[in-house]
Amino acid sequence: MNLRIQEPRAPRNTDVALPAGGIVSVAVPAPTSPIRSYLQSRGNSSMADSTFRWLMLLCALSIFAIVALIATELVTHSQITLAKFGWKFFVGSAWDPVNNNFGALPFIYGTIMTSIVALVIAVPLAVGVAVFLTEMCPKALRGGLSFLTELLAAIPSVVYGLWAIFVLVPLLRTYINPFLIDVLGWTGLFVRPDFGIGMFAAGVILAIMILPIISSLTREVMSAVPHTQREAVLALGATRWEMIRMGVLRNARIGIVGSIILGLGRALGETMAVAMVIGSSPTISKSLLAPAATMASVIANEFAEASDDTYRSALIEIGLALFLVTIVVNILARLLVWAVTRGAPARVS
Amino acid sequence: MGGDAGRAGEGELMSGAAVSLRASALNRRWRWVANHMATWLAVGATLLVIAPLVAIFVDLVYKGAVSLNWNFFTKLPVPVGEKGGGMANAIVGSGVLLGLASAMGVPIGIAAGIYLSEYGRGTKLSILVRFTADVLNGVPSIVMGIAVYALIVAPMKGFSAFAGGVALGIMMIPTVARTTEEMLLMVPHSIREAALGLGVPNWRSMLSITLKTALPGVITGCMLAFARVAGETAPLLFTAFGNNFWSTALNQPIEALPLQIYVYALSPYDEWHRLAWAGSLVLIALIVLAVSLVRYVTTRGALKGAR
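Residues numbered from 1 in each chain as written. Chains lettered and ligands numbered in written order. Predicted model: local features only at pLDDT ≥ 70, side-chain atom pairs only at ≥ 80, totals over all residues.

S.K.: I keep staring at the overall build of chain A and nothing clicks. Help me out?
M.R.: Broken down by element type, chain A carries 14 helices and two strands. Burial analysis of chain A (349 residues in total) assigns 46% to the buried set. Long-range pairs, those at least 24 residues apart, make up 75% of the contacts in chain A between residues at least 6 apart in sequence. (Helix = DSSP H or I, 4+ residues; strand = E, 2+ residues; numbered from the N terminus. Buried ≥ 20, exposed ≤ 12 C-beta atoms within 10 Å, placed from the backbone. Contact = placed C-beta atoms within 7 Å.)

Pasting the structure below:
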């Protein structure tokens, strides 16, 4: 590609080189050619070309600059707590702005628990939807249904939050939570008091939000599995489910794991909907029905009222941690998805 | 599901032929049951996923439409207890913020896309840029918010519309760059070669030939980024901050539709809740319009299969 783009420049170079070498330019077409003189009258575009090229390169590099800028800004503005608490910041469970004592453990716990709930609910559903849409769905329905699931991804976080407050939380409180307390109360994960809001409600709304991401990527990965695989399994007399299980899911599993991790990345950083239903309480409790806070939600809820420098620095440090964690998670997920959709190590099994 | 039963029957016949080898009648029965269970589970999962979507839309239209009236679009918010407030300032504010964000994110994003597809095809640098763009796409929006707070709001000692626009603009860049790149990659080489063969300078051929050919797709990408950013609240909390009055000044706090919805949703007043639903309906209508437009453009002609 590069070669081809540079080709038009090549004759110009020889033009310059030939007279410099002092050789009579026999091969060069007559300078009186109307096309050539027309082009020369328009000037040499190599200046414009290279300027344009550098401009485009600059814009491409701005993406690196943005990441670097975010990182440096977050680090410099969290200096106070970085210096004061060090690593203990992430294992301390006290969050006491009045006495300037900060530990982020409650938020890390809240983030992990809500993400686990979200994944437990979303993964089977997302894979089910992807299987249905790629392998079973009649062609006429496929476009509409995939559009609907993509529409789920387009709904803003704050609208999910609004819906969760006024529809989902009452629904959970009156029907689903009492049932879960009866059936799964013995695990200690679902015990009263039950206010409706809390980690479980946040997990459910997160599940709805990350579903489209997981299912659309899973679909992509599944359609990257060659048709010959499916045909081979079917030809051996497999039922459709066996074909999906052995021919498709097994080949696509690395990519499916990648898409799940990508969904996890989204769940970890999701802010508004979670902040609206989790109850904002910096506590660690075993019950999923208890109010808590996540790393993202505590920033959203407390940053505006953080007048003290240390308080603000603590919140920015949480942001820094969130930034680093989501970057690692995203890199991992992208590598896994790429590995499959590029077709390289996918067929190891 | 009629065809489904037929296919399962075929499976039964096939394994019936191989019965002497391995499949017992019980095994066959189990495979039949497993097949049907899997089918119904997948159908059930799909229905379960569609259910909240339908519920959200029904609730939005049902609860939002009743408080949607002329006042909503023309009046400022009123104090608690008074009737007839609107979100005019939030709608205008969102427009200002999105305009700023697009002015920043679209040109840089398109330029980065041009670099990736026209200059950097297959080079290590472009792979790295592409990868970083994907990763940047996954960075939580709240992190963007506090980063821009640290970058602009803290040094300038005040929340501003400009900071909000920058935060949203940064979020647009990766999406625009990646879709632009994908669309440019679909432009056939012969078109570029024809332009270059006519002596058109390289930069000119990229802008007025390659980019122009891919323009519908590029616009699609911009609309997608726009739709995504239009509903963002978290990056605006500490940058644009919100403002109860008319303001279009770039150095002053400004209201935005998602911010207003957030504040109203968490308030204890029924009147404000109704306004929050109405605001959400307007926001969703805007976004669904953009997404459907995108869908319409991408499923036509040369751009088919782009997504």
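S.K.: I'm lost on the overall build of chain B in this one. Help?
M.R.: Tallying secondary structure elements over chain B gives 12 helices and zero strands in all. N-terminal to C-terminal, the α/β element order of chain B is α-α-α-α-α-α-α-α-α-α-α-α. By the burial criterion, 49% of the 307 residues in chain B qualify as buried. Counting contacts in chain B only where the partners sit at least 6 residues apart, residues at least 24 apart contribute 73% of the total.

S.K.: Whenever I open this one, helix H9 (residues 199–223) of chain A confuses me. Can you help?
M.R.: Owing to its 3.6 residues per turn, the α-helix aligns residues three or four sequence positions apart on the same side. All names here are of chain A. Counted at 1.5 Å a residue, the expected span for H9 with its 25 residues is 36 Å, and the 35 Å between its end C-alpha atoms agrees. Of all the bends found along H9, the most pronounced is centred on Ile210 and spans about 40°, while Pro212, a proline, follows it within four residues. Counting buried positions along H9 gives 23 out of 25 residues, so the element sits mostly inside the fold. (Expected span 1.5 Å × (residues − 1). Bend = angle between axes of the 7 residues up to and from the residue.)

S.K.: Any chance you could explain the domain arrangement of chain B here in plain terms?
M.R.: The extent of an interface is frequently quoted as the accessible surface area lost upon association of the parts. Residues and elements named next belong to chain B. Per the domain assignment, the segments making up chain B are domain 1 (2–65) and domain 2 (85–303). The interface of domain 1 with domain 2 comprises five residues on the first partner and five residues on the second. Counted by class, the side of domain 1 that touches domain 2 contains three nonpolar, one polar and one charged residues. (Domains from an automatic or database assignment. Nonpolar A, V, L, I, M, F, W, Y, C, P; charged D, E, K, R; others polar.)

S.K.: Sorry, what's going on with helix H5 (residues 124–137) of chain B here?
M.R.: Under the 1.5 Å per step criterion, the end-to-end length of H5 of chain B is 20 Å for 14 residues, consistent within 8% with the ideal 20 Å. Buried residues of H5 of chain B: Val129, Arg130, Ala133, Val135 and Leu136 of chain B, and no others.

S.K.: Please clarify how the environment of Ile244 of chain A should be interpreted in this entry.
M.R.: All names here are of chain A. Counting through the fold element by element, Ile244 comes out in helix H11 (residues 240–269). Take Ile244: there are 24 C-beta atoms within 10 Å of it, and that puts it in the buried class. Each C-alpha atom of the pair Ile244 and Val233 lies 9.0 Å from the other, and the pair is 11 residues apart in sequence. Apart from the residues lying within four places of it in its own chain, the contact partners of Ile244 are Val131, Glu135 and Leu249.

S.K.: What am I meant to see in the packing of helix H6 (residues 105–136) of chain A against helix H2 (residues 25–65) of chain B here?
M.R.: The contact between H6 of chain A and H2 of chain B brings their axes to 8 Å, and the two run at 115°. Classified by the angle their axes make, H6 of chain A and H2 of chain B are roughly perpendicular. Along this stretch, H6 of chain A crosses H2 of chain B, giving a crossing that reads as left-handed. In this structure, H6 of chain A contributes Pro124, Leu125, Gly128, Val129, Val131, Phe132 and Met136 of chain A to the contact, and H2 of chain B contributes Thr39, Leu41, Ala42, Val43, Ala45, Thr46, Leu48 and Val49 of chain B. (Axes fitted to C-alpha atoms, helices over the stretch in contact; angles between N-to-C directions. Parallel < 35°, antiparallel > 145°, perpendicular 65-115°, else oblique. Left-handed = near helix turned anticlockwise from the far one by under 90°.)

S.K.: Just to check I follow, could you spell out the packing of H6 of chain A against H9 of chain A for this structure?
M.R.: A pair of packed helices is captured by two measures, namely the crossing angle of their axes and the spacing between those axes. All names here are of chain A. Where H6 contacts H9, the axes come no closer than 6 Å and their chain directions differ by 40°. It follows from the interaxial angle that H6 and H9 lie oblique. The handedness of the crossing between H6 and H9 comes out as right-handed.

S.K.: Help me understand the confidence of the model for chain A, please; the structure alone is not making it clear to me.
M.R.: Any region with low pLDDT has predicted coordinates that should not be read closely. Residues and elements named next belong to chain A. For chain A, per-residue confidence averages 83 on the pLDDT scale, and residues scoring 70 or more make up 86% of the total. This stretch, residues 1–26, has a pLDDT under 50; its non-local contacts, to residues over four places away or in other chains, come to 10 contacts. Contacts for the low-pLDDT stretch residues 344–349, under 50 throughout, to residues beyond four places or in other chains number nine contacts. (pLDDT = per-residue confidence, 0-100.)

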